[in-house]
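Here is what each chain is made of, one letter per residue.
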Amino acid sequence: MNNKNKILIFDTTLRDGEQVPGCKLNTEEKVELALDLEHLGVDIIEAGFPISSPGDFLSVTEISKNITNATVCALSRAVEKDIQVAGEALKFAKRPRIHTGIGTSDLHIKSKFNSNRENILERAVQCVKWASKYTNDIEFYAEDAGRTNNDYLARVIEAVINAGATTVNIPDTTGYCLPYQYGEKISYLINNVPNIDRAVISCHCHNDLGLATANSIAGIISGARQIECTINGLGERAGNTSLEEVVMIIKQHNDLNFYTGIDTKQLNPISRKVSDIMRMPVQPNKAIVGSNAFSHSSGIHQDGFLKDALTYEIINPLEVGADDSKIVLTARSGRSALAHRFKKLGYEFNRNDVDVLYDWFLKVADSKKEVEDADLSKLAITYQQKNYATT
Ligand code: KIV
Ligand code: ZN
């Protein structure tokens, strides 16, 4: 791992992810998932928003008692009472972090707070000072940083670092930025905030335009060293950056020179667990954890894959804890996939046999979405009974 940069993985499945309608968890479920996340290797677990409800306060308290290695983080607004309650909920945490902040875009400043830039800057500094009564691990978020003026953002970030923030979160709250814009924003902060070396820059990207993962990667390429993400990309509206995607991009792209502490073999099991417990299905074509992520169905792909898996697969499914790759037989499949599947079922056919069987197969395939093993066995037996088989 020499010369490689560690990217901290900040998981917010239990906070931003749990905000999704229908995904609410009880304390027991949250503690169980927090332990799974710690076992997965995440560095920071955002456990909840303690002021939001007594249930969430209890969940953060119980997670704090149960987690030993990961940092446990609680969210708050830039409000003294919020921060006090977050501090109390984290009382038992071995490594407590308070995540506090305020909207910094002109839109948030005017429409949400009916305020002005100077006043918001003061409130930003104040909330970090309040948080410092409870812990010295303080993360400041500049909500809607994606649409915040860079000059003003740099002033806010410099001031909160001076006040004691050790991580500065630059959220693209509305998923608005393009990857190059988000990357440039991070570079701007690195070049224009004189004390930036005293804090870790964090990327918190939403997926409203499907760019959350790309933006987070652009952020770390520009110098950020923490990514905030969720299992299965769950989160407000179109979701947050997906943990499994950023982790595997970092692992696949050695050229980036980054690494994470995540045990990638746990990615599919934890994805299934989160999907079950939150009753939120994963789309089949979802990268890394979708049920089709390692399925091959067209003849050209199947032929290449059977000759050398690397022709059509950049990740070995076992590396991410998925079932082995699947060859799915449809009307678009070819002869080699058919012969391969017959062989798996115990039928050895020569080329001429396969030619005949392939025509039969296509008739079945055109009548249904996927040809199952039972259909193939029926074809093979009929073929053998008609004595066509030469082997
Ligand atoms: O999207 C966002 O800006 C947030 C902050 C509270 C960090 O979730
Ligand atoms: Zn968010």
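Here we summarise the structure given alongside this text. (Residues numbered from 1 in each chain as written. Chains lettered and ligands numbered in written order. Predicted model: local features only at pLDDT ≥ 70, side-chain atom pairs only at ≥ 80, totals over all residues. Heavy atoms only, no water.)

1. Topic: the overall build of the chain
Within the chain, the regular secondary structure consists of 14 helices and 12 strands. Judged by the C-alpha coordinates and their principal axes, the chain covers about 85 × 45 × 40 Å. For the chain, the proportion of its 391 residues judged to be buried stands at 53%. Only carbon and sulfur atoms are counted for the fraction: they give 50% of the accessible area of the chain, which is about 17,800 Å². With 43 positive and 50 negative side-chain charges, the chain shows a spacing of 1 Å between the two charge centroids. (Helix = DSSP H or I, 4+ residues; strand = E, 2+ residues; numbered from the N terminus. Buried < 20%, exposed > 50% of the residue type's maximum accessible area, 1.4 Å probe, protein only. Areas by Shrake-Rupley, 256 points an atom, 1.4 Å probe, with all protein chains shown as cover. Lys, Arg positive; Asp, Glu negative; His and termini not counted. Charge placed at Lys NZ, Arg CZ, Asp CG, Glu CD.)

2. Regarding the coordination of the zinc ion (ligand 2)
The protein atoms that coordinate the zinc ion (ligand 2) are Asp16 (OD), His204 (NE2) and His206 (NE2), at distances spanning 2.1 Å. Taking relative accessible area as the criterion, Asp16 reaches 2% and is therefore assigned buried. Judged by its relative accessible area of 5%, His204 falls in the buried class. (Donors = N, O, S within 2.8 Å, 3.2 Å for Na, K, Ca; no water.)

3. As for the side chain of Gln302
When you line up the elements, Gln302 lands in helix 11 (residues 299-307). Here Gln302 falls in the buried class, since its relative accessible area comes to 0%. Setting aside chain neighbours within four positions, we find Gln302 in contact with His296, Ser297, Ile327, Val328, Leu329, Ser333, Gly334 and Ala337. (Contact = heavy atoms within 4.5 Å.)

4. Thoughts on the pattern of salt bridges
According to the stated counting rule, one finds 24 salt bridges in the structure shown. With a shortest N-O distance of 3.6 Å, Lys133 and Glu80 are connected by a salt bridge. In this pair, Lys133 sits in the loop between helix 5 (117-131) and strand 6 (138-143) while Glu80 sits in helix 3 (residues 80-89), placing the two residues 53 residues apart along the sequence. Judged by relative accessible area, Lys133 falls into the exposed class, the value being 57%. Of the charged contacts, one joins Arg341 and Asp373 as a salt bridge, the two residues approaching to 2.8 Å between their closest N and O atoms. Of this pair, Arg341 sits in helix 12 (residues 335-344) while Asp373 sits in helix 14 (residues 373-385), placing them 32 residues apart in sequence. (Salt bridge = Lys/Arg side-chain N within 4 Å of Asp/Glu carboxyl O.)

5. Some remarks on the environment of Asn136
Assignment of secondary structure puts Asn136 in the loop between helix 5 and strand 6. Since its relative accessible area comes to 68%, Asn136 is described here as exposed. Put simply, Asn136 and Thr166 are 30 residues apart on the chain and 7.8 Å apart in space, counted from C-alpha to C-alpha.

6. Overview of the pairing of strand 8 (residues 200-205)
The element strand 8 is extensively covered by neighbouring structure, given that five of its six residues are classed as buried. By the bridge criterion, six bridges tie strand 7 (residues 167-172) to strand 8 in an arrangement that is parallel. Each bridged residue has a counterpart across the sheet, and for Pro171 the counterpart in strand 8 is His204. In terms of handedness, the path from strand 7 via helix 7 (residues 179-192) over to strand 8 forms a crossover that is right-handed. The pairing of strand 8 with strand 9 (residues 226-229) spans three bridges and is classified as parallel. Considered in strand 9, the bridge of Cys203 is made with Ile227. What joins strand 8 to strand 9 is helix 8 (residues 212-221), and the crossover it makes is right-handed. (Pairing = 2+ DSSP bridges. Right-handed = clockwise from strand over helix to strand, strands pointing away.)

7. What about unusual backbone geometry?
Non-glycine residue Asn257 carries a positive phi angle of around 70°. Along the chain, the position of Asn257 falls in the loop between helix 9 (243-252) and strand 10 (258-259). Non-glycine residue Ile288 carries a positive phi angle of around 70°. Relative to the elements of secondary structure, Ile288 occurs in the loop between helix 10 (267-278) and strand 11 (295-296).

8. A few points about helix 1 (residues 27-40)
Taking 1.5 Å per residue as the helical rise, helix 1 with its 14 residues ought to reach 20 Å, and the 20 Å between its terminal C-alpha atoms agrees with that figure. For helix 1, the set of buried residues is Thr27, Lys30, Val31, Leu33, Ala34, Leu37, Glu38 and Leu40. Buried residues in helix 1 make contact with strand 2 (8-11), strand 3 (44-48), helix 2 (54-66), helix 9 and helix 10. Capping the start of helix 1 is the job of one residue whose side-chain oxygen sits 3.2 Å from the backbone nitrogen of Glu28: Asn26. Note on helix 1: the residue one or two positions beyond its end, Gly41, has a positive phi of about 110°. (Expected span 1.5 Å × (residues − 1). Polar contact = N/O pair within 3.5 Å; in protein donor to acceptor, adjacent residues only side chain to side chain.)

9. Some details on the sheet that holds strand 5 (residues 96-103)
Taken together, eight strands build a closed barrel; the order of strands is 2-3-4-5-6-7-8-9 and the barrel is parallel. Strand-to-strand twist in this sheet, taken as the mean axis angle between neighbours without regard to direction, amounts to 25°. With three bridges joining them, strand 6 and strand 7 adopt parallel strand pairing. Residue pairing for strand 7: Glu139 is matched across the bridge by Thr167. Contacts from helix 2 reach strand 3 and strand 4 (71-77), with the element oriented near 150° to strand 3. (Axes fitted to C-alpha atoms, helices over the stretch in contact; angles between N-to-C directions.)

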